[in-house]
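Residue-level structure breakdown
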Amino acid sequence: MILRNLLRRKTRTLLTTFGIAVGVAAVVALGALAEGFIEGYSAISGGSGADLLVVQDEALDVVFSAVDESVKPALVGLSGVKEVSEMIYTFAATEDAPYFIVYGYDPKGFAIRHFRIVEGESLSNPGTQHGGKPLLLGRAASQDLDKQVGDRFRLYESTYRIVGIYETGQPFEDGAAVVLLEDAQAISGKPHQVNAFLIKIRDGTDVERLR
C-alpha cells in the first residue's frame, strides 16, 4: 500500500527524496566544517605554544574578532604573563582561489615559531626580495598551487614574494600563507587591530585565575 502510493506520486516522491538527501548532505558538510574550525583553532592555540587566546567579547568567530593593539601593554602587565603575540586570521582572494586563508604575525613573536621553515627563509630574515612583500606559503598550498620560493603570489591586488615554505603538521595551516602583521592588517581592513592575542604564561601560574 505504501509502496503503491509512492509510485503513484512519483514527482512528489522524487522531490521528497531529493530534499532528504540535501538535508543529510548539509548536516555532513556542516559537521566537517565544524571539525575543520576546531582543528584550526587548536592549531592556533596549542600548536603555537599559547596557553590562552584573547579575542573580542561576544565575537561569533575569531575571524570576526577585532581587538585594538593598545590592549597588548595591559596584557603584558598581567601577573603570570610571559609573552604576548598578536595574530591576524583572515581570508583573501588569490589567482587560483577566491577564499584563501592568510595569517599575520610579528616575526619577533613566539607564535610564528611553530611555522617550521623547510625551504627558503623566515619572515624575520627575508633577504633582499624584489617584486613584492615577503610571504611564507604552507607546503600543501605550494603543492596545490604549484608555487615555490621566489615565485610571485597575489593576494587581492597586492603582489607578494614567496620567501619560504613552511610545515606545521596541521592541514588548516599548511594550506595557508603567513605574512607580516601589518600586511595582514591591510588585507583584513583592520588597521591597528588584531583578531587575537596569544598568551604564554609563566610556570606555576594559575591559568583560571589569569583567565
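Remember, it's a predicted structure, so these values are computed and weren't measured experimentally.

Basis of the calculations
Residues numbered from 1 in each chain as written. Predicted model: local features only at pLDDT ≥ 70, side-chain atom pairs only at ≥ 80, totals over all residues. Heavy atoms only, no water. Phe/Tyr/Trp six-rings, centres within 6.5 Å; stacked < 30°, edge-to-face > 60°. Buried < 20%, exposed > 50% of the residue type's maximum accessible area, 1.4 Å probe, protein only. Helix = DSSP H or I, 4+ residues; strand = E, 2+ residues; numbered from the N terminus. pLDDT = per-residue confidence, 0-100. Contact = heavy atoms within 4.5 Å. Core = buried A, V, L, I, M, F, W, Y, C linked by side-chain atoms within 4.5 Å.

**Quick look at the packing of aromatic side chains**
Counting across every chain of the model gives seven aromatic pairs. Aromatic pair Y89 and F91: ring centres 5.9 Å apart, planes at 65°, arrangement edge-to-face. When its relative accessible area of 30% is taken as the criterion, F91 is described as partly exposed. Between the aromatic rings of F115 and Y166, the centroid separation amounts to 4.9 Å while the plane-to-plane angle is 85°, which identifies the pairing as edge-to-face. You can see F115 sitting in the loop between β4 (100–105) and β5 (116–120) and its partner Y166 sitting in strand β8 (residues 158–167), a full 51 residues away along the chain. Per residue, the accessibility class of F115 equals that of Y166, and both read buried.

**With respect to helix α6 (residues 181–188)**
Because each turn of an α-helix spans 3.6 residues, side chains separated by three or four positions end up pointing in the same direction. Burial analysis of α6 places six of its eight residues in the buried class, which makes it a mostly covered element. Residues of α6 that are buried include every one of L181, D183, A184, Q185, I187 and S188, and no others. Just past α6, the residue G189 takes up positive phi, approximately 70°.

**Section: the confidence of the model for the protein chain**
In this model, the protein chain carries a mean pLDDT of 83, and residues with pLDDT of at least 70 account for 75%. When mean pLDDT is taken per element in the protein chain, strand β9 (residues 177–180) scores highest with 97 and helix α2 (residues 10–47) scores lowest with 49. pLDDT under 50 marks residues 24–40. Its contacts with residues more than four places away, or in other chains, come to seven contacts.

**Some words on the nonpolar core**
Judged by nonpolar contacts, the single largest core of 28 residues is most densely connected at F100, L135, L137, F153, L155 and V179. When residues of this core are traced back to their parent elements, those giving at least two are β3 (81–92), β4, β6 (133–138), β7 (152–155), β8, β9, α6 and β11 (196–201). If you tally residues by element for this core, the top one is β3, at four residues. Once you skip the residues sitting within four places of it in the chain, L155 turns out to touch A92, A93, T94, F100, V102, L135, Y160, V179 and I187. Membership of the second largest hydrophobic core comes to 22 residues, among which are A50, Y166, A176 and L198.

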